[in-house]
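Residue strings, one per chain:
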Amino acid sequence: MKRMLWVLLALALPFGASAAAAQQREVSGTVTGANGEAVAGAAVSIAGTTRGVRTDGQGRFTIPVPAGDARLHVTALSYRGKDVAVPAGQNSVAVRLDTDVLGLETVVVTGQATTVRRENLAHDVAVVSNRQLVGNAPAQTLDIALQGKVAGATIRTNSGAPGGGTQIRLRGPTTITGNATPLYVVDGVIISDVGIAGGQNSVSAAARGTNASNQDVVVNRIADINPNDIENVEILKGASAASIYGSRAAAGVVVITTRRGRAGAPRFAFSQRVGYAELSNELGSRTWTADEAIASGYVTAGTAGTYFNADGSPKATYDLERQVFGRKAPQRETTLGVSGGTENTQYYVSGLIQDDQGIAPNTGYLKQSLNLSLNQTLWSRARLSASTNVLHSTAARGVTGNDNTSASYVSAISFTPNFFSYQPVNGIYPRNPFTDSNPLETAVRSRNDEDVWRMIGSLNLNVDLLNRGPSALRLVATGGADYFNQQNRLYYPPDIQLQPNAATPGTAVTGGGNNLNLNSNLNLVHSFKPQSGAFSATTSGGVQYEDRDLNLSQVTGRFLLGSLGLPYQSAVQVVAGSRSRTRDFGGYVQEELLLFGDLLSVTGSVRGDRSSNNADAGKFYYYPKAAAAFTLPNSYSVLDQLKLRLAYGASGNEPTFGVRFTPLSVANIEGYPNLAINGGIGAPDLRPERVTEIEGGFDATLFGSRAQLGVTMYRRNITHLLLGRVLAPSTGYTVETFNGGAMRSTGQELSLQASPVSHRLFTWNSNTTFTRNRTKVTNLPVPEFSPGNSFGNSFGGYRIAVGYSPTTVFAQDGREVNIPAGCTGTICNVKVVPIGESEPSFQMGFQNDVKVGRFTLGSLFDWSHGGLVINLTRNYYDSAETAPDFLMPAGVTTPRPWTGCGSCLSGQERLYWFSAPQNKAVYIEDASFVKLRELSLSYDVPTSVLGRRVSSAQLQLSARNLHSWDNYSGYDPEVSNFGNVAAGRNQDVTPFPPSRTFWLGLNLVF
Amino acid sequence: MHISSKTRRRAACLSVLAAALGAGACKDTVVPDYNRVPIPELANSPNRTLVDAAAAGLLHNARRDAPNRVRVIGIVGREAYILDANEPRNVTELVTGNIDPSSFTGNHDYNNPYGTLAQGQLLLAAIDKVPDVEYTTAQREALRGFTYTMMGNDLLIIAYMHQYGPTEVNADPLAPPAPMKTQAEMYARAAVLLDSGVAHLKAGGSSFTFTFPTGFTNYPTKFNTPLGFLKFNRAIRARLDLLRKDYAAEKIHLDSTWISTAATTRDALNTGVYYNFSTNSGELPNTLGTGSTEVAEPTLRTDAQLKSDGSRDNRYTLKIDSGAARTQLGITSRLRFQHYKTRPFFGNTNQNSPIPWVRNEQMILDRAEARWFTGDQPGAMADLNFVRTNSGGLDPIATPATGAAFITALLYERRYSLMYEGGWRWLDLRRFNLLGTLDNYPRAGDKSITYWPVPFTECLARGGAGSAPGC
């Protein structure tokens, strides 16, 4: 944020020696804020010119002005700008600035190197400040911290496992088979968000036949960023905003600015939090009598005595979920940051140590981070910013999610009746006679750790090349590198009950990968602001180069001999690996005009880029953009300001690495290499997908700047989708990847920021968002197909078909009355119908801070209405007959009618309706929820109590995921077995259960 | 607005600098496929290494489908069942005969064999293109002969499983697929391909340029030289003749193979060519007989004839063990196959065990059939009794009075000699129009199938139901 302001000011106010006019006088003064605090680094200029100075650490300034009356224009970060009159004869002035509560004067990125004030922005950009991100409750990862705070964003965690794994979708789905995640830029460096599968599949066999799969509870690497280091996050949701990023930006761009130093004496910020996490939702399990257990086959008449008394009642019942997930897991987080500097040099150093235990044994998330940033002014004409962020995290996540071996904890729990206990007896874990694992033993004695070291470094140089009167030319160059090394270590000892293959007991996997993202960009910005002030024009152009290189490797060892848990001490080792690399090059030109005294802003730009992932690596694809915003010149009663905006833009989604090739796969027979047709063909003209969007809306400032209302409507057309055309197997090949088809999305977004009450003793700030999106496939040049990632039409799956959204759930619904001609199979007359939309029909977020005296109560409610979840976990419980509502109620002897409500029936009835020939989709449930995501109560310790050194202290009680109001029978309607996918979310297969966390924290500034 | 010349010059310098930097950044942005080899490289600029590896790839292609093929044909031929609660379609589709062309039961043995034909065509063109210094003429001829043989072998597999299929593959896979032909046309084309290989193999010199796996070299008779491989070619040709019931031709072709009744040991009977499997990195495992869900047909036990000492046929004892009963969906069995799991034909056990491709024992039985139906009854009985006594340990039988009685005796020997190794039970019953004997077995309503359906994806790519014969 600070850097962006510097950029703006460098644009508007070059700080070189200004030409001395004939008659001058010196005016000096101080700039203070609303509470009397000194404002360092404020820009003081002669109104209407670009000449000015900055205030020092104590807020003092001295500026030469022409003789006679003068007007000074004062602006500063987080404050509202002000013009001050300095009559002739008055040589000192005190300026008092108001806090910019609504962020109206925030500057926002509009290009690689340019920014514009939010007041003049022609398209909709969501900005989330550090206070909004982590002010209420700590979050393990950035994406979790953003939930509920951004209009237009659907942010969903994939499971409750510690350490991340979250999908951000901006304005609906933008692709079917291509890359579905937004682009992340940190301080100008494009960073990696890949997710590398850890190899859990070697033990869970969720995807038979491969060692790693997207069902490995994958964490996408944006989770590594420390949210405390972030100054603000800007989200470019639409193609019109993101167009400047070209073929990487179809799914949106998240621009992150990290905290920077500020001039002044060193200022320390310290926070220490301790807390605990606990299981927040339980499924429960059926209570048995001896006769029922015999009927279900869990015991025989002879073995019933082990678990049951003579009268048929169980000897003991156990809460199996709590035996595995019942820990009150301690959490702690310590952060320390120091910032300071002089007028020319500012620095910021921060560190984080975080140790969050998980609710299951051997699970948790540890993170350590060190962030250094330095700003240095060079020769008063140039500014250098450098930053380095070193991160280390370890996520231990256990074995959850889909499996075919009873390895997954909840899967084993679902097949164990509750009269059996997992707890160890004399240190020995009992063998589970009812299924193939004792999940408590698996949790305690096995290991599934993901260890990541990461370094993100960036260097930014901002040089004033020319500064002559109304015209200024600047060079902005940025270079950066993002390197991470991920190591997954899995170990399943040979003597635990869970053995993937009795013939080869013991499995260990060492795998992971390393990734290097390098990017650099070079920009020239020319600004022209004539003295008449009639308009200001900023022309910019630049080139950008990016190289990202990912190397994966995995060694799986089975039939372990040693006890160190490494795959190298095994009899059977399988080695796999791959490399993918992408090199992109692009350039752009952009023109931004501010006319009529900043009332009209017009922007136009064209970006062209090429990528090694396209079939023709040398061909450029162009993405234009045009946007205009007009602010009504007058105010009307409660309406202080109304800005109308309209934008059009295009961006693209380049193909993923590898799909453009037509390869031969490499294998070996007895060690001798061979090549065989792989089956995939890349179309010879493979190119990026294209999103074009028209977005319009208005921003209104109301009630004396107490409220800011933004309304946006958009319509996007997505063409040239990357699709797979199934080829006739008799050609020897299987699928061709090509571009075709189209989708259309329309949506509405609303954001209301208000300070309804703003008084010294009572303040209420609120931030409300509304999001609604509809997407539809409008053209498909191939037959309808299933995009993979599903368990079949009996449970519910996805299908890409014209006229439906790509996230529509299709499922069985009884049988056709007439068997279709030529149909001879047993399944061909099952009717498959669209059941409904899996994405929510709308979402709202409510963030409110109420400050009474020294106490502040902050809350975040997230309301998602509509959507569907395919709940396979419930089918596990029903098939095992352990569902708490399994038995038909007393008095019901035949299954009651199916009315579309699975929770209205018992498990027995659900199974009846699920099986042939009824074939109903009983495991699809409504995903609506209202969640209280964050709640905090803070107390500002009075300064009289604090020592002289401490400038502020705050005690805070906070909670995350406190409660969810929903009708969902499973753990959490926010779930995805397949992780981050374009189509295929919302499938619940024995995931890691959700947890709620409580903290007590102390924040100190000194 | 006046811009001084100094500013103008400075601006000009800077724009040149920017352009230079921009041009310098105009790097080459081509990234190759790091993980695989692009087909255009084989097609346009092949070298010896690529061609050798692509030739060996035809062997890999051939073995890819083998375990699954033996299994599914074994089920429809009532040699085996897969009783897996997680996958009931092994019974509800394969045993009932309601094969779904879109599920795993109906969508197989089409893409990989046609892949061999496509890759074979690429290879034949590449062999011509490799620079002269890399191969001698004889080596090229050997490769050609090998390629034609593999193409013929794979087209034969498609032919004996399906009623319809194209007989060739277009050079451009994106062009509309070649027209569907009948089974007879597929047999004819496979015969032409196999025969094309003969002259090339004879001119192929003394060795191939790539290494054959132990499936070709395990026994004293080696098949990894052009002349040795020619014998394998003739054995496949003879198999084609048998399936078409062209017995005269079959006898001629069998004479060019390694068929022999000189030795009576198990190894002599097993001498032949095998598919290799392994659990090593980058390899394919053999999944036959290793899962707990795979069981053998119960009547294999009760139908096994007894030796003179009262114990069962040696082939039964060698290949089947009795264990815990497994039941699912009304089918139950206690029998498990052992000739992959614990007592393989040779080499390693379990998922590293080989599957037979062509064996001496099989060729002897084939010849028995050919001799009988061309009028040589004594010769037929000599072969049949050779297998019966040496492989089964049973007493020889007298010449059957009728053709039907011979067929019964022959089918018994084939059933036990060739148990669960190549889908022979189904092929034999079909060849003699006896598939009807499997009706309502093991449960009422169950049937076998005469042909495997054309895969759903094939029909989809051609335009849907009715777009081509078989769709």
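Everything discussed here concerns the structure shown above.
Keep in mind that this is a model prediction, so the values were computed, not measured.

Conventions we followed
Residues numbered from 1 in each chain as written. Chains lettered and ligands numbered in written order. Predicted model: local features only at pLDDT ≥ 70, side-chain atom pairs only at ≥ 80, totals over all residues. Heavy atoms only, no water. Helix = DSSP H or I, 4+ residues; strand = E, 2+ residues; numbered from the N terminus. Rg over C-alpha atoms; globule rule 2.2 N^0.38 Å. Buried < 20%, exposed > 50% of the residue type's maximum accessible area, 1.4 Å probe, protein only. Contact = heavy atoms within 4.5 Å. Areas by Shrake-Rupley, 256 points an atom, 1.4 Å probe, with all protein chains shown as cover. Pairing = 2+ DSSP bridges. Core = buried A, V, L, I, M, F, W, Y, C linked by side-chain atoms within 4.5 Å. Patch = residues over 30% accessible without salt bridge, like charges linked within 9 Å, V, L, I, M, F, W, Y side chains within 5 Å. Salt bridge = Lys/Arg side-chain N within 4 Å of Asp/Glu carboxyl O. Buried area = accessible area lost by both parts, 1.4 Å probe. Polar contact = N/O pair within 3.5 Å; in protein donor to acceptor, adjacent residues only side chain to side chain. Disulfide = S-S within 2.5 Å. Expected span 1.5 Å × (residues − 1).

Asker: What is the right way to read the overall build of chain A from this model?
Answerer: Helix and strand counts for chain A come out as 12 helices and 47 strands. Against the compact-globule benchmark of 30 Å for 1006 residues, chain A has a radius of gyration of 31 Å, which places it among compact chains. Reported as C-alpha extents along the three principal axes, the dimensions of chain A are approximately 110 × 70 × 60 Å. Residues classed as buried in chain A amount to 60% of the 1006 residues present. Taking all contacts inside chain A whose residues are at least 6 apart in sequence as the whole, residues at least 24 apart take part in 69%. Taken as a whole, chain A presents about 36400 Å² of accessible surface, with 57% of it coming from carbon and sulfur.

Asker: Help me understand the pairing of strand β24 (residues 507–528) of chain A in this model?
Answerer: The side chains of a regular strand alternate between the sheet's two faces. All names here are of chain A. When you tally the buried positions in β24, you get 16 out of 22 residues, the bulk of the element. Here strand β23 (residues 471–492) runs beside β24; their pairing, made up of 22 bridges, is antiparallel. If you follow Gly480 over to β24, its bridge partner there is Asn519. Pairing geometry for β24 and strand β25 (residues 535–560), over 22 bridges, is antiparallel. From the neighbouring strand, Leu518 faces β25, where its bridge partner is Asp547. Counted between consecutive antiparallel strands, the loop separating β24 from β25 contains six residues, among which Gly533 sits at a positive phi close to 70°.

Asker: For this particular structure, what's the right way to read the nonpolar core?
Answerer: Nonpolar side chains in soluble globular proteins generally cluster together in the buried interior. B:Phe146, B:Trp357 and B:Trp452 are the most contacted members of the largest nonpolar core, which totals 139 residues. Looking at this core element by element, the count peaks at 12 residues for helix α7 (residues 137–161) of chain B. The next biggest cluster of nonpolar side chains, apart from the first, holds 43 residues, and it includes A:Trp288, A:Leu320, A:Phe325 and A:Val509.

Asker: Which parts of the structure should I look at to understand unusual backbone geometry?
Answerer: In most cases, non-glycine residues show a negative phi, while peptide bonds are predominantly trans. Omega for the peptide link from B:Tyr441 to B:Pro442 comes to 0°, which places this bond in the cis form. Within the fold, B:Pro442 resides in the loop between α17 (424–431) and α18 (456–462). Positive phi is not limited to glycine here, since A:Val217 has a value of about 55°. Here A:Val217 is to be found in the loop between α4 (201–204) and β15 (230–236). A:Val217 sits in the buried class, given a relative accessible area of 19%. If you check the backbone angles, A:Asn961 has positive phi at about 55° while not being a glycine. Mapping A:Asn961 onto the fold places it in strand β45 (residues 952–966). Here A:Asn961 falls in the partly exposed class, since its relative accessible area comes to 29%.

Asker: Honestly, a nonpolar patch on the surface in this entry has me stumped. Any pointers?
Answerer: All names here are of chain A. Residues Val274, Phe855, Leu857, Leu937, Leu957 and Leu1000 make up a contiguous nonpolar surface patch of roughly 540 Å² in combined accessible area. Secondary-structure assignment places Leu857 in strand β41 (residues 855–865). Relative accessible area serves as the criterion here: at 43%, Leu857 is assigned to the partly exposed category.

Asker: Would you explain the interface of chain A and chain B in this entry?
Answerer: Chain A puts 62 residues into the contact, and the matching count from chain B is 67 residues. When the two sides are added together, the surface that chain A and chain B hide from each other amounts to roughly 5600 Å², 63% of it contributed by carbon and sulfur. Put simply, chain A and chain B have zero salt bridges between them. The interface formed by chain A and chain B includes 18 residue pairs in polar contact (both at pLDDT 80 or more).

Asker: For this particular structure, what's the right way to read the state of the cysteines?
Answerer: Here, the word disulfide means a covalent bond between the sulfur atoms of two cysteines. Residues and elements named next belong to chain A. Per the counting criterion, the structure on display carries two disulfides over all chains. Note on cysteine connectivity: Cys901 is disulfide-linked to Cys904, with sulfurs 1.7 Å apart. Across the disulfide from Cys901 to Cys904, rotation about the S-S bond amounts to roughly 90°, and the bridge is consequently right-handed.

Asker: I keep staring at helix α15 (residues 377–390) of chain B and nothing clicks. Help me out?
Answerer: A turn of α-helix holds 3.6 residues, and therefore any two residues three or four places apart point the same way. Residues and elements named next belong to chain B. Between its first and last C-alpha atoms α15 spans 20 Å; for 14 residues at 1.5 Å apiece the expected length is 20 Å, and the two agree. When we look at burial in α15, the residues that qualify are Gly379, Ala380, Met381, Asp383, Leu384, Asn385, Phe386, Val387 and Arg388. Taken together, the buried residues of α15 touch α11 (266–270), α13 (314–319), α14 (360–373) and α16 (403–417). Capping of α15 at its N-terminal end is provided by Asp376; its side-chain oxygen lies 2.9 Å from the backbone amide nitrogen of Gly379.

Asker: Is there a simple way to think about the sheet that holds strand β31 (residues 672–677) of chain A in this case?
Answerer: The strands making up a sheet associate through backbone hydrogen bonding, with each pair oriented either parallel or antiparallel. As summarised here, the arrangement of the three strands in space is β31(A)-β30(A)-β1(B), forming an open sheet in which the pairing is antiparallel. Two strands lie at the open edges of the sheet, namely β31 of chain A together with β1 (37–38) of chain B, each paired on one side alone. Sheet analysis places strand β30 (residues 663–669) of chain A next to β31(A), joined by six bridges and oriented antiparallel. Bridged to A:Asn668 within β31(A) is A:Pro673.

Asker: What is the right way to read the pattern of salt bridges from this model?
Answerer: Pairing between side chains of opposite charge can happen when the charged atoms of each approach one another. All names here are of chain A. Taken as a whole, this structure holds 76 salt bridges over all chains when the rule is applied. We note a salt bridge from Arg548 to Asp584, for which the minimum N-O separation is 3.2 Å. Placement of Arg548 in strand β25 and of Asp584 in strand β26 (residues 570–595) is noted, with a sequence separation of 36 residues between them. You'll find Arg548 and Asp584 in the same group, each marked buried. A network of salt bridges, in which partner residues are shared, links Asp124, Arg171, Lys237, Lys643, Arg645, Glu693, Glu695, Asp699, Arg716 and Glu749.

Asker: Is there a simple way to explain the side chain of A:Gln843 in this structure?
Answerer: All names here are of chain A. With respect to the element layout, Gln843 can be found in strand β40 (residues 842–852). Separated by 3.4 Å, the side chains of Gln843 and Arg156 make a polar contact. The residues touching Gln843, leaving out its near neighbours within four places in the chain, are Ala153, Thr154, Arg156, Thr769, Phe770, Thr771, Trp863 and Ser864.

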